[in-house]
Amino acid sequence: MPVSHEISWSRNYDRAKQEAAADKKPLLLDFTAAPM
Amino acid sequence: MADLIATSFHPVRVHVREDAEAWKRLGLELGVQWTPTVLILDSAGVERHRIEGFLPADDFLAQVSLGLAKAAFSRSDFADAEQRYRAIVDAYPNTESAAEALYWAGVSKYKATNDPTALQDTARAFGERYQESSWAKKSSVWRG
């Protein structure tokens, strides 16, 4: 059975950018005004 | 959709009201003036793809996949980029992204092999599909 992943959104761009530099995974930034 | 984002990216959300400071700073820094906007940045923080406005699920997934392929291309991993571009054509053939992906799949193969037939084959493929797209016009110079 395939594993389904939840998205764990970071709200800290600067930290995510540091993590991306370390593990070479790209960043996806979602700018939104939708109700949370 | 969640699987693709969760496994392939560091996902960051900036809400215009709840994250007002970040919205102001990053909006200026990255030139974002409208929501929804999704940016795909490579691991060095360089923008590789931008999606502005709402899209239905398949179109959105195809666009996100384009971003991943462009990120692979930017790090000169042309074999991975070609595979990702071709997967977009196969999985989302009726989206606007498919023609762009077909074009860049050919470019990626050429960059990986230095074999110009990769470009000629791409131009021929555009003779059979997506003939009205701008990507078909761009590939027309490769016809042998």
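Residues numbered from 1 in each chain as written. Chains lettered and ligands numbered in written order. Predicted model: local features only at pLDDT ≥ 70, side-chain atom pairs only at ≥ 80, totals over all residues.

1. Brief notes about the overall build of chain B
(1) Moving on: Assigned secondary structure in chain B consists of seven helices and three strands.
(2) Moving on: Counting helices and strands in the order they occur from the N terminus, chain B gives α-β-α-β-β-α-α-α-α-α.
(3) Moving on: With respect to the three principal axes, the spread of C-alpha positions in chain B is 55 × 30 × 30 Å.
(4) Moving on: A burial count over chain B gives 37% of its 144 residues as buried.
(5) Moving on: Sequence-distant contacts, at least 24 apart, represent 38% of the contacts inside chain B between residues at least 6 apart. (Helix = DSSP H or I, 4+ residues; strand = E, 2+ residues; numbered from the N terminus. Buried ≥ 20, exposed ≤ 12 C-beta atoms within 10 Å, placed from the backbone. Contact = placed C-beta atoms within 7 Å.)

2. A few points about the interface of chain B and chain A
(1) Moving on: Taken together, the contacts link 31 residues of chain B with 25 residues of chain A.
(2) Moving on: Counting residues per element, the ones that place at least two in the side of chain B that touches chain A are α1 (2-8), β1 (10-15), α2 (20-30), β2 (37-41) and α3 (57-74) of chain B.
(3) Moving on: It is β1 of chain B that provides the largest number of residues to the side of chain B that touches chain A, a total of six residues.

3. Considering unusual backbone geometry
All names here are of chain B.
(1) Moving on: A cis geometry characterises the amide bond from T35 onward to P36, with omega recorded as -5 degrees.
(2) Moving on: Looking at where P36 falls in the secondary structure, it is placed in the loop between α2 and β2.
(3) Moving on: With a phi angle near 60 degrees, N114 is a residue other than glycine that sits in the positive phi range.
(4) Moving on: The exposed category is assigned to N114, around which 8 C-beta atoms lie within 10 Å.

4. Things to note about the packing of helix α4 (residues 78-91) of chain B against helix α5 (residues 97-113) of chain B
All names here are of chain B.
(1) Moving on: Packing of α4 against α5 leaves a shortest axis separation of 8 Å and a crossing angle of 155 degrees. Classed by the angle they form, the pair α4 and α5 counts as roughly antiparallel. Considering how the two elements wind past one another, α4 and α5 form a crossing that is left-handed. Seen from α4, the contacting residues are F78, A79, A81, E82, Y85, R86, I88 and V89; seen from α5, they are S97, A98, A101, L102, W104, A105, S108, K109, K111 and A112.
(2) Moving on: When grouped by side-chain class, the residues that make up the contact of α4 with α5 number 12 nonpolar, two polar and four charged. (Axes fitted to C-alpha atoms, helices over the stretch in contact; angles between N-to-C directions. Parallel < 35°, antiparallel > 145°, perpendicular 65-115°, else oblique. Left-handed = near helix turned anticlockwise from the far one by under 90°. Nonpolar A, V, L, I, M, F, W, Y, C, P; charged D, E, K, R; others polar.)

5. So, the confidence of the model for chain B
(1) Moving on: For chain B, per-residue confidence averages 96 on the pLDDT scale, and residues scoring 70 or more make up 100% of the total.
(2) Moving on: Two numbers describe this predicted complex: its pTM, 0.93, and its ipTM, 0.92. (pLDDT = per-residue confidence, 0-100.)

6. Quick notes on the pairing of strand β1 (residues 27-32) of chain A
(1) Moving on: Bridge count for β1 of chain A against β1 of chain B is six bridges, and the pairing is parallel. Directly across from F31 of chain A, in β1 of chain B, lies its bridge partner V14 of chain B.
(2) Moving on: Looking at chain direction, β1 of chain A and β2 of chain B are connected through five bridges and run antiparallel. Its bridge partner being in β2 of chain B, F31 of chain A is matched across the sheet by T37 of chain B. (Pairing = 2+ DSSP bridges.)

7. Topic: the nonpolar core
(1) Moving on: Counting residues in hydrophobic clusters, the biggest one holds 41 residues, and the most contacted among them are L29 of chain A together with A69, I88, A98, A101 and L102 of chain B.
(2) Moving on: Secondary structure elements with two or more residues in this core: α1 (13-23) and β1 of chain A together with β1, β2, α3, α4 and α5 of chain B.
(3) Moving on: Sequence-distant contacts of L102 of chain B, that is, excluding residues within four places in its chain, are made with V89, T122, A125, F126, Y130 and W135 of chain B. (Core = buried A, V, L, I, M, F, W, Y, C linked by C-beta atoms within 7 Å.)

8. What about the sheet that holds strand β3 (residues 47-52) of chain B?
(1) Moving on: Taking strand neighbours across the sheet as the criterion, the four strands line up as β1(B)-β1(A)-β2(B)-β3(B) in an open arrangement whose pairing is mixed. Of all strands in the sheet, those with a lone pairing partner are β1 and β3 of chain B, marking the two edges. Put simply, the sheet's adjacent strands are angled 15 degrees from each other on average, direction ignored.
(2) Moving on: This element, α1 of chain A, spans β1 of chain A together with β1 of chain B of the sheet and lies at about 165 degrees to β1 of chain B.

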